[in-house]
Structure formats: C-alpha cells, structure tokens
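Coordinate inspection notes
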Amino acid sequence: MSTVDDELPFDVIGRVRDTCLCLHLQQAARAVARRFDAAFRPLGLTNGQFSLLMSLNRPEAAGISDISTLLAMDRTTLTANLKPLERRGLVTVAVDDADRRSRRVTLTSAGRALLVAALPVWEHEHSAIESVLSGIAADRLRADLRALC
C-alpha cells in the first residue's frame, strides 16, 4: 500500500525533464526521424526504410544478423521491416546457400533506383540539420553518440 512518504516531490519532474539524457536523446531522435520521414514521403519511404535500404547497398547479399547488428535492430523487427520492401520489389530475401537456416537480403535494381532518388533528399536534410547544430561539432556529436552504443 502506498503512503504519502512514497510520493515523489514535484520538483523532481523538472529536474528529470531538464537533465535526463535518455529523454533528450529520444526527443531529438523523434524530431530528426519526423523531419526525414516528411522529406522522404514523396518517394514513399520512411527514414527507417531509407537506412535499411542503404545498409543493403553492397556488392554481396547481406545476412539478417549483419543487418540487424548494423542497424541496432532485433531480427524480428528487421524481418517485419523487410516485408513491405520485399512486397514493393525493392529487396529480395532468399535462403542462404551456405546455411539453410539463414536468410540473405539483396537490394534489387528498383531498390537501387529508389536509393539514387533518395540520396539527394537525405543530403539536403542532413545538411540542414547540421546547420541547426551551430556551435556543435557534428563529428564530435557522432562520435559521442557512437560511444553510447
């Protein structure tokens, strides 16, 4: 049973709101994601789909584990995110010849064409976001964020 002594003081709300790194990172990530989602919308892409397609832009088919590690995404979520791209003909998912339990993912020519169209959109938005970070070294920010992973 809860007592009055178990309650948090109201000033904690402000302290957490103002200092919580997790909260600030989540807010920034959502804002950046919304911005890229809006920019990619005319191409029928989300920012997550762009990142996923870009991770497949390689000479050899990628394994599900490799992709999930690169994108910091669990395999189940990755598989769910691949399905709409596969239905659109942007990727193919096939059984790995070397390990029948594994799947390999390949970017199709339609997927490559979409990435070619999407890259200038990404470059424009990315540049605009970096300009908002005036006074912050973008390379240092990237390094600091990678350190958290």
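Residues numbered from 1 in each chain as written. Predicted model: local features only at pLDDT ≥ 70, side-chain atom pairs only at ≥ 80, totals over all residues. Heavy atoms only, no water.

Turning next to the overall build of the protein. Across its full length, the protein holds seven helices and three strands. Element order for the protein, N to C, with α for helix and β for strand: α-α-α-β-α-α-β-β-α-α. Taken over C-alpha atoms, the radius of gyration comes to 20 Å for the protein, far larger than the 15 Å a tight globule of 149 residues would show. Each of the three principal axes of the protein carries a C-alpha extent, and together these read 60 × 45 × 30 Å. Relative to its 149 residues, the protein shows a buried fraction of 23%. Once local pairs closer than 6 in sequence are excluded, the contacts in the protein between residues at least 24 apart make up 49%. If you average the places of the 19 positive and of the 18 negative side-chain charges in the protein, the two averages end up 7 Å apart. (Helix = DSSP H or I, 4+ residues; strand = E, 2+ residues; numbered from the N terminus. Rg over C-alpha atoms; globule rule 2.2 N^0.38 Å. Buried < 20%, exposed > 50% of the residue type's maximum accessible area, 1.4 Å probe, protein only. Contact = heavy atoms within 4.5 Å. Lys, Arg positive; Asp, Glu negative; His and termini not counted. Charge placed at Lys NZ, Arg CZ, Asp CG, Glu CD.)

A complete count under the given rule lists zero disulfides for this structure. Here Cys149 is not cross-linked by a disulfide; its sulfur's nearest cysteine counterpart is in Cys22, at 13 Å. (Disulfide = S-S within 2.5 Å.)

With that settled, consider the packing of aromatic side chains. Applying the stated criterion across every chain yields a total of three aromatic pairs. Centre to centre, the rings of Phe50 and Trp122 are 6.4 Å apart; their planes meet at 20°, and the pair counts as stacked. On the criterion of sequence distance, the pair formed by Phe50 in helix 3 (residues 47–55) and Trp122 in helix 6 (residues 109–132) is long-range, its members being 72 residues apart. We classify Phe50 as buried; its relative accessible area is 5%. (Phe/Tyr/Trp six-rings, centres within 6.5 Å; stacked < 30°, edge-to-face > 60°.)

Bringing the nonpolar core into the picture now. Among the nonpolar cores identified, the biggest contains 21 residues, and Leu45, Leu53, Leu56, Ile67, Leu82, Val91 and Val105 are the most heavily contacted of them. Looking at this core, the elements with two or more residues in it are helix 2 (21–40), helix 3, helix 4 (64–71), helix 5 (75–87), strand 3 (103–107) and helix 6. Ranked by residues supplied to this core, first place goes to helix 6 with four residues. If sequence neighbours within four positions are ignored, Leu82 has contacts with Leu52, Leu56, Ile64, Val91, Val93 and Val105. (Core = buried A, V, L, I, M, F, W, Y, C linked by side-chain atoms within 4.5 Å.)

The next point concerns unusual backbone geometry. A positive phi angle, close to 50°, is found at Ala72, a residue other than glycine. Among the structural elements, Ala72 can be located in the loop between helix 4 and helix 5. Its relative accessible area of 71% is what places Ala72 among the exposed residues.

Time to look at the pairing of strand 3. The sheet contact formed by strand 1 (residues 62–63) and strand 3 spans two bridges and is antiparallel. Across the sheet, Gly63 pairs through a bridge with Arg104, a residue of strand 3. Across five bridges, the pairing between strand 2 (residues 91–95) and strand 3 is antiparallel. When the bridges of strand 3 are listed, Thr92 appears paired with Thr106. (Pairing = 2+ DSSP bridges.)

With that out of the way, let us pick up helix 4. The complete set of buried residues in helix 4 reads Ile64, Ile67 and Ser68. Viewed along the axis of helix 4, the buried residues span an arc of 95°, placing them on a single side of the element. Facing away from the buried surface of helix 4 by more than 90 degrees, the exposed residues are Thr69 and Leu70. Those residues of helix 4 that are buried lie in contact with helix 3, strand 1, helix 5 and strand 3. Just past helix 4, the residue Ala72 takes up positive phi, approximately 50°. (Arc of directions from axis to C-beta.)

The next thing to look at is the confidence of the model for the protein. Taken residue by residue, the protein gives an average pLDDT of 91. The fraction at 70 or more is 97%. Helix 7 (residues 138–148) is the least confidently modelled element of the protein, averaging 88 in pLDDT, while helix 3 averages 97, the highest of any element. (pLDDT = per-residue confidence, 0-100.)

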